[in-house]
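# A structural walkthrough
Listed here are the chains, written in short residue letters.
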Amino acid sequence: MSQSFVPDFASAPTAAAVASGVRRGELSARDVLDQYLDRIRMREGQVHAFNLVMEEAARARAAEVDQAVAAGGDPGPLAGVPVALKDLLCTHGVPTTCSSRILEGWAPPYDATVVTRLRAAGAVVVGKTNMDEFAMGSSTEHSAFGPTRNPHDVTRVPGGSSGGSAAAVAAGFATVSLGTDTGGSIRQPASLCGVVGAKPTYGMVSRYGLVAFASSLDQIGPFARNVADAALVLDVIGGHDEHDSTSLPGDGPQAASNLGRGVEGIRVGVISELEGALGIAPDVASRVREAAEALAAAGAKVEHVSVPSVRYGLSAYYMIAPAEASSNLARYDGVRYGLRVRGDDITDMYIATRSAGFGPEVKRRIMLGTYALSAGYYDAYYGKAQKVRTLIIRDFEAAYRSFDVLLSPTAPTTAFALGAKMSDPLTMYLNDVCTIPSNLAGHPAMSVPFGCGDDGLPVGAQVLAPALGEPVMFQVAEVLEASAPARGGES
Amino acid sequence: MSAIALAGWETVIGLEVHCELRTRTKLFCGCPNVFGEEPNTRVCPVCLGLPGSLPVLNRQAVDYAIRIGTALHCRVQPSIFHRKNYFYPDMPKDFQISQYDIPINAEGWLVLPSGKRIGIVRAHIEEDTGKTTHIGGGGRIHQAGYSLVDYNRAGVPLVEIVSAPDLRGAEEAREYVEELRAILVATGASDGKMEEGSLRVDCNVSVRVAGSAEFGTRCEIKNMNSLRSLGRAIAYEAARQVELVEAGEAVVQETRHWDEADGRTHSMRSKEEAFDYRYFPEPDLVTLAPDEAWVTGAREHLPVLPAERRARVAEAACVPVSTEAVATVVRLDLDGLVAAAVAAKADPGLALRRLANEVAGELDGRSGGDIEASAFVRLVHMEQGGELTPAQARTVLKTLVAQGGDPAVIAAGLGFEALATGALAAVVDQVIAANPREWERYTGGDDKLAGFFIGKVKAATGGNADLRAANDLLRQRRSG
Amino acid sequence: MAQPLSKQDVAHVARLARLALSEEELEQFTSQLASVLEHAADIEALDIAAVPPTAHPVPLSNVLREDEPRPCLDRDEVLAQAPDVESGRFRIPRILGEAP
């Protein structure tokens, strides 16, 4: 196995510990930040988790936090916690590129709601992380600025599309980070990088300021080294936002509300269709079986459950997501911001700009999506996919009548080698087979590290819950975390 | 092509009217909805379509849309928004948020002053685009060197009202736009200012042999900025199509651009193929389902609309509702004066005639709001009771409209008093006595001589006689 | 929809999406997209005419905002990011066609 850049976190405080330490005046936000900046300086060159490290801004913010505490104030529940942001979350005055040439250097004139909430909670943003261009990909190899490498083995991918955010946490460049998940783009990299990654219920976290990929599927969520930190961050960023019409009313995720309760009597359904078929590697399947056994040993009622429509999820997703994306990405036309390539007339300019500005995976998906929506094809492709979505929702509803949570692998394999899946897009798309159904249904799901594959690389177990099921999902995830086998090979 | 050449042909028209709503802010964001500001000073991430922005629907815009729907007798129903995808620089997102197969208002109608009912297919909500200015080439799009874009108008709320192809001819099309505009202004949803672009009209025109049941191929005509342009464009386009069909050629279904300067429509074939809008439901917005209370409330709070006002005037004056005088009186907001006449037991028919003819003529486009109701009613009474002759009444009325005042005072000032009936009878008898030979012919059946005698009476009274009363007296004398 | 995706289809769709493809890209994208669509044949075969579509999973309705003005962006900040500006407006090359 090649060189690992995963630090020994035994001595590194959790986000919760940092925040409480800073709020009590026992820890200095500047000191905490320095440790992270040191690690970034030493290892970012090999990992390439960031598109932009915001050292100066971070130092200024950390100083502000310390001053606030010194003056007797309370900076908030994430006081002094270094956080990294996936580079499609708008940060006012700071470049937000979506890892695309078409937005290279573009600085939004406003903050995303989640960014505003993090800042209000006292968090310190350390940088914008690398990603697959416009969130389209499962390996972060489709970035216009070069791939991110898996900190466990830098010859391997970190997963995608939030590979940079996952790697940043795994490599100790940030305590927590934010990613986005449309078809698995938080959970799959979390699994490949051995960290916790959670996608909330659709509508639980505001999408205002999230550069849209597929509007009916996109959600923002946290990466962290442990379940409690992920819950803490989710509770800070989640909850109703008047700027997002699809934002759920109510009390927010309440992700931490059931922590510490254990799983006695909780009904866990292991999804039969995702046990071994559909390209799931045997070592991954074994870890998930062990995860199920661990939950049973902790008092949960564990059985198999069939969710038949999940096998259609991939096809439905690859109609719906590209269709919405083709529309969401039309605005990148060289008129108002971003890249412009000259043309004799406006149409020539559109074509020249978009052809130069988008990478091949983005072009593929735009064309696939345009095709699926075009005259004569809507009913057969997009229209039909929306009906498959209904089937998946119904199957999940049936499953949740008998179970509280469901269990499956997160990703079919451990981290694959850079370049291994680039020649055939379909091979890459198969990475999302376990994660996609939750996006289509709008349900929460998260990945918890659970042991290693035969190659010593991390495996994640996926916990799925019904809509608004964040409390029970985190409750079960916490127990999985506690019973996870130790992973070897960390330096 | 002359009107004679178009005889035998029928011009079929459907109109799409875009109405800007009088909300304080835009449809999906809080930017002020104002006209005429410095470019790009009324924009935000949402109406600029910046990456990451999201739309949130304006409640007042929905309320106006419901008012319009109820005023047009539409079914107000739960609806969703769709994206209409195409590339054009005045559209920040390169798609427009609109409504497609499930609009908020469907299947309504309105009644023209002529009495004809025109179907309204739908009236849906959508966002407006920004404005492009073409530089070089005389401001026309084809010869322009480059263009400039201002997004202040992007995101302003619109209701698009689509009529059924029930209109026949340019005149009827104009009548429809005027009636629709009056309705929209009455609901409070629009300020009706076509000259500021708050009301815009596109039309679909086709021709067919008169009496035929099948529709011809239609063309969409855009870029008419006034009612006059609309009329001219329809007339040109109808003639163009008739000429093609008579020459054995087919009318190509296309969008054409009206050129005000050269008075023609031009084909707008651009280098892209026909637009494929790839409509799909807008994922960033949720279902709009106004409850019964909202719709009923909107309907109940509608003011009296033009058609109802015409009906009331017609009923009061005992004339058919399609009488042109009725339409004129309502259009000039003079119907209150008819109501005042009725209330004061003045002759409503006479009131109607005077308003539609003399007052309308005198106002010449100005508002009739200044005319004092009791003064007008007094004048009608004076004419009705014979205190003034019709000619005198008309003269007093002109002064009343121009300057206001008391009609009795005005009449006295002009030296008008109609001859009392007794004095008039004496004059008639004198004239008869002075012209025995003509009188013999008249009583013998030569009715034309009535005019001779009336002329004599007029001369004898210096024009102060009520000539109708004089005519009555002559006939009485003849038969009595 | 059993018709396989042709190069013409891909060229047409590229035009709709304002993308220019080289001959090589056209070949490559055609075969890649065709294989994705082939994979989607499994849902094509489903008989689900009676199943209602889900446009998105959030069962909300009537999310409305009051008609109250909010601050606008500063024009300088907006135009600072623009590729080409003249007289406070976005400058673009000539447009050849009317808006639809």
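Residues numbered from 1 in each chain as written. Chains lettered and ligands numbered in written order. Predicted model: local features only at pLDDT ≥ 70, side-chain atom pairs only at ≥ 80, totals over all residues. Heavy atoms only, no water.

Scanning chain B for helices and strands turns up 15 helices and 16 strands. What you see for chain B is a C-alpha radius of gyration of 30 Å, clearly larger than the 23 Å of a compact globule of 480 residues, by over 25%. By its C-alpha atoms, chain B is 95 × 55 × 45 Å across when sized along the principal axes. Classification of the 480 residues of chain B by burial places 55% in the buried group. For chain B, the share of sequence-separated contacts (at least 6 apart) that also reach a separation of at least 24 residues comes to 69%. Counting only carbon and sulfur atoms, one obtains 50% of the accessible surface of chain B, whose full area is about 20,600 Å². (Helix = DSSP H or I, 4+ residues; strand = E, 2+ residues; numbered from the N terminus. Rg over C-alpha atoms; globule rule 2.2 N^0.38 Å. Buried < 20%, exposed > 50% of the residue type's maximum accessible area, 1.4 Å probe, protein only. Contact = heavy atoms within 4.5 Å. Areas by Shrake-Rupley, 256 points an atom, 1.4 Å probe, with all protein chains shown as cover.)

What follows covers the state of the cysteines. All names here are of chain A. As enumerated under the stated definition, the model contains 0 disulfides over all chains in all. Unpaired in terms of disulfides, Cys434 finds its nearest cysteine sulfur in Cys193, a separation of 17 Å. Here Cys452 is not cross-linked by a disulfide; its sulfur's nearest cysteine counterpart is in Cys193, at 13 Å. (Disulfide = S-S within 2.5 Å.)

Further remarks concern the environment of A:Met446. Residues and elements named next belong to chain A. Positionally, Met446 belongs in strand β10 (residues 445-452). Judged by relative accessible area, which is 0%, Met446 ranks as buried. Considering only alpha carbons, one finds Met446 and Ala292, 154 residues apart in sequence, at a separation of 15 Å. The contact partners of Met446, leaving out residues within four places of it in the chain, are Arg187, Val196, Gly197, Ala198, Val227, Ala461, Gln462, Val463, Met473, Phe474 and Ala477.

Once that is clear, we can look at the sheet that holds strand β3 (residues 124-129) of chain A. Residues and elements named next belong to chain A. Spatially, 11 strands are ordered β1-β3-β2-β4-β6-β5-β10-β11-β9-β7-β8 in an open sheet, and the strand pairing comes out mixed. Looking along the sheet, the strands with just one partner apiece sit at the ends: β1 (50-53) and β8 (301-305). Strand after strand, the sheet turns through a mean of 30° between neighbouring axes, direction not considered. Here 3 bridges tie strand β7 (residues 267-271) to strand β9 (residues 405-409), and the two strands are oriented parallel to one another. Paired with Val268 across the strands is Val405, a residue of β9. Helix α5 (residues 163-170) contacts β1, β2 (82-86), β3, β4 (176-181) and β6 (219-224) of the sheet and is inclined by roughly 155° relative to β4. Sitting on the sheet, helix α12 (residues 379-402) is in contact with β7, β8, β9 and β11 (458-464), with an inclination near 115° to β9. (Pairing = 2+ DSSP bridges. Axes fitted to C-alpha atoms, helices over the stretch in contact; angles between N-to-C directions.)

A separate point is the pattern of salt bridges. Summed over all chains, the structure comprises 58 salt bridges over all chains. Measuring nitrogen to oxygen at the nearest pair gives 3.1 Å for the salt bridge that ties B:Glu308 to B:Arg312. Here B:Glu308 and its partner B:Arg312 are both found in helix α5 (residues 306-317), 4 residues apart, which amounts to about one turn of the helix. Its relative accessible area of 48% is what places B:Arg312 among the partly exposed residues. Connected through salt bridges with shared partners, the residues A:Arg207, B:Arg83, B:Glu282 and B:Asp284 form a single ionic network. (Salt bridge = Lys/Arg side-chain N within 4 Å of Asp/Glu carboxyl O.)

With that settled, the discussion passes to the environment of B:Ile410. All names here are of chain B. The topology assignment puts Ile410 in helix α11 (residues 407-413). Assessed through its relative accessible area of 13%, Ile410 is described here as buried. Remark: the alpha-carbon pair of Ile410 and Glu324, spanning 86 residues in sequence, is separated by 30 Å. Not counting residues up to four positions away in its chain, the partners in contact with Ile410 are Val396, Thr399, Leu400, Gly404 and Gly405.

Residues and elements named next belong to chain A. Gly160 connects to Ser161 through a cis peptide bond whose omega is 10°. Following the sequence through the fold, Ser161 ends up in the loop between β3 and α5. Positive phi is not limited to glycine here, since Cys98 has a value of about 55°. Topologically, Cys98 is positioned in the loop between β2 and α4 (113-120). Overall, the relative accessible area of 0% leaves Cys98 in the buried class. In this model, Ser99 sits at a positive phi of 50°, which is unusual for a non-glycine residue. One can find Ser99 in the loop between β2 and α4. The exposure class of Ser99 is buried, given its relative accessible area of 0%.

All names here are of chain B. We note that the domain assignment places domain 1 (3-300), domain 2 (306-413) and domain 3 (421-479) within chain B. Computed over C-alpha atoms only, the centres of domain 1 and domain 2 are separated by 38 Å. Between domain 1 and domain 2, the contact holds 8 residues from the first and 6 residues from the second. Put simply, domain 1 and domain 2 have 1 salt bridge between them. For the salt bridge of Arg310 with Glu179, the shortest nitrogen-to-oxygen distance reads 2.9 Å. Put simply, domain 1 and domain 2 have 2 residue pairs in polar contact (both at pLDDT 80 or more) between them. Of the residues forming the side of domain 1 that touches domain 2, the biggest block, 3 residues, is contributed by helix α2 (residues 170-187). Considered class by class, the residues forming the side of domain 1 that touches domain 2 number 5 nonpolar, 2 polar and 1 charged. (Domains from an automatic or database assignment. Polar contact = N/O pair within 3.5 Å; in protein donor to acceptor, adjacent residues only side chain to side chain. Nonpolar A, V, L, I, M, F, W, Y, C, P; charged D, E, K, R; others polar.)

Moving on, we come to the interface of chain B and chain A. Across the contact, 34 residues belong to chain B and 42 residues belong to chain A. It is B:Pro51, B:Leu54 and B:Phe87 that lose the most area in chain B upon contact with chain A, and together they represent 22% of the buried surface on that side. Linking chain B with chain A are 2 salt bridges. One salt bridge connects B:Asp284 with A:Arg207, and the closest N-O pair in it is separated by 2.9 Å. The tally of links from chain B across to chain A stands at 14 residue pairs in polar contact (both at pLDDT 80 or more). Secondary structure elements with two or more residues in the side of chain B that touches chain A: β4 (82-85) and β16 (280-281) of chain B. When grouped by side-chain class, the residues that make up the side of chain B that touches chain A number 22 nonpolar, 4 polar and 8 charged. (Buried area = accessible area lost by both parts, 1.4 Å probe.)

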